[in-house]
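Each chain, letter by letter, is given below.
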Amino acid sequence: MTPKVVRQIAELREEIAAYRRAHAASAQVGLVPTMGYLHEGHASLIRRSAEENGLTVLSIFVNPIQFGPNEDFDRYPRDEERDLKVAAEAGANLVFLPSVTEMYPDKPRTTVSVSGVTERLCGASRPGHFDGVATVVSKLFHIVQPDRAYFGLKDAQQVSVIARMTEDLNFPVDIVPCPIVREQDGLALSSRNVYLNPEERRQALILSQTLSQVAGWIEDGMSEAELTVRIRGRIRSQPLADIEYVEVATYPELGHPPADRPLRESREPLLVALAVRFGKTRLIDNVLLFPSEVK
Ligand code: PAF
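Below, the structure is looked at part by part. (Residues numbered from 1 in each chain as written. Predicted model: local features only at pLDDT ≥ 70, side-chain atom pairs only at ≥ 80, totals over all residues. Heavy atoms only, no water.)

### A word on the packing of helix α2 (residues 40–52) against helix α3 (residues 80–90)
Rules: Fitting a line to C-alpha atoms yields each axis, with helices limited to the stretch in contact; the angle taken between N-to-C directions then spans 0 to 180 degrees. In DSSP terms, a helix is any run of H or I states spanning at least four residues, a strand is any run of E spanning at least two, and both are numbered starting from the N terminus. A clockwise turn of the near helix away from the far one marks a right-handed crossing, whereas an anticlockwise turn of less than a right angle marks a left-handed crossing. Two residues form a contact once any of their heavy atoms are found within 4.5 Å.
Between α2 and α3, whose axes approach to 8 Å, the crossing angle comes to 35 degrees. α2 and α3 meet at a crossing whose hand is right-handed. Residue-level inspection shows A43, I46, R47 and A50 of α2 in contact with α3, the latter providing V86, A87 and A90.

### Quick word on the state of the cysteines
By definition, a disulfide is the covalent link that joins the sulfur atoms of two cysteine residues. Note the cut-off: Two cysteine sulfur atoms form a disulfide, by the criterion used here, when they sit within 2.5 Å. Between buried and exposed lies partly exposed: a residue is buried under 20% and exposed over 50% of the maximum accessible area for its type, with that area taken using a 1.4 Å probe on protein chains only.
What the rule picks out here adds up to 0 disulfides. In this structure C178 is not part of a disulfide, and its nearest cysteine sulfur, from C122, lies 19 Å away. C178 gets classed as buried once you look at its relative accessible area, which sits at 3%.

### A look at the pairing of strand β8 (residues 270–278)
Along any regular strand the residues' side chains alternate between the sheet's two faces. Formally: Following DSSP output, two strands are said to pair if at least two bridges run between them.
By the criterion of burial, β8 is predominantly enclosed, with 8 of the 9 residues buried. Note that strand β7 (residues 241–250) and β8 share 9 bridges and pair antiparallel. The partner of V246 across the bridge, within β8, is L274. Sheet analysis places β8 next to strand β9 (residues 281–289), joined by 9 bridges and oriented antiparallel. For L274, the partnering residue across the bridge sits in β9 and is D285. The turn joining β8 and β9, which pair antiparallel and follow one another in sequence, is formed by 2 residues; a positive phi near 60 degrees is taken by G279.

### Concerning α3
In an α-helix, one turn spans 3.6 residues; hence positions three or four apart end up facing the same way. Applicable threshold: To be clear, the arc concerns the directions from the helix axis to the C-beta atoms.
All of the buried residues in α3 are D83, V86, A87 and A90. Considered in projection along α3, the buried side chains sweep an arc of 100 degrees and stay on one side of the axis. Opposite the packed face of α3, turned more than 90 degrees from it, sit the exposed residues E81, K85 and E89. The inward-facing, buried residues of α3 abut α2, β3 (55–60) and β4 (94–96).

What follows is the structure, given as structure tokens:
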């Protein structure tokens, strides 16, 4: 069924309140926050929400405050018509498509900043990015008041930041992390993949190819330093790859694993995450390993 498109916060609140009134105790609302240009990864989040909730709200909003001054806010891909088709096929009931002035009538004076989990990985290379994410997601949580919210693990650090914020600020929302969706050849789906030219896209396959070997290397007894050197070496085999970071972190706290022991002895899940540029396109990817998967 075609979802209803809502552009105003007040109207969205009315729609959700009407659904809750009609369904009383059984009412369950799922929220899938996105920046649009939807792909199969987003569709998988919408489908999961539609399975688990009576009402699925998809938000599409390219959030200016999570982009740095030299980042791609202006050229971030947008295609409302196509997004609405994907939303309908995947089972969204309401699509919230606010303008920037609807979300930020004034420059926000109140922002949400999560410490600790934002210090490494993308938090270190994109200063202020996670403040922008935490602020917009907390606004969406207040506006929609969902029972569950769905986020893809390609942005594993984002999931960790939002889970921390949700707990610290007592949002009554279950955060549902969902698996990374990949192209058949392994490239992690991302709205930004559209920027890649054919040669960059071919070379970008090194990311998933390398990450798919990480569990084996950890099983062989590698330390954090040995693993990151090995990964960097593999990625550098592709001349267009420009590495921003390759890091190993405990998950979800994103601390350093003990440096003096092989990673396979970790009692906490491990996130091996990277950000690499191919031409002007910055790609991120990761693998999340639980202790039982590397012993
Ligand atoms: O992952 C994204 O698309 C964005 O960071 C989010 C969570 C929708 C906030 O703008």
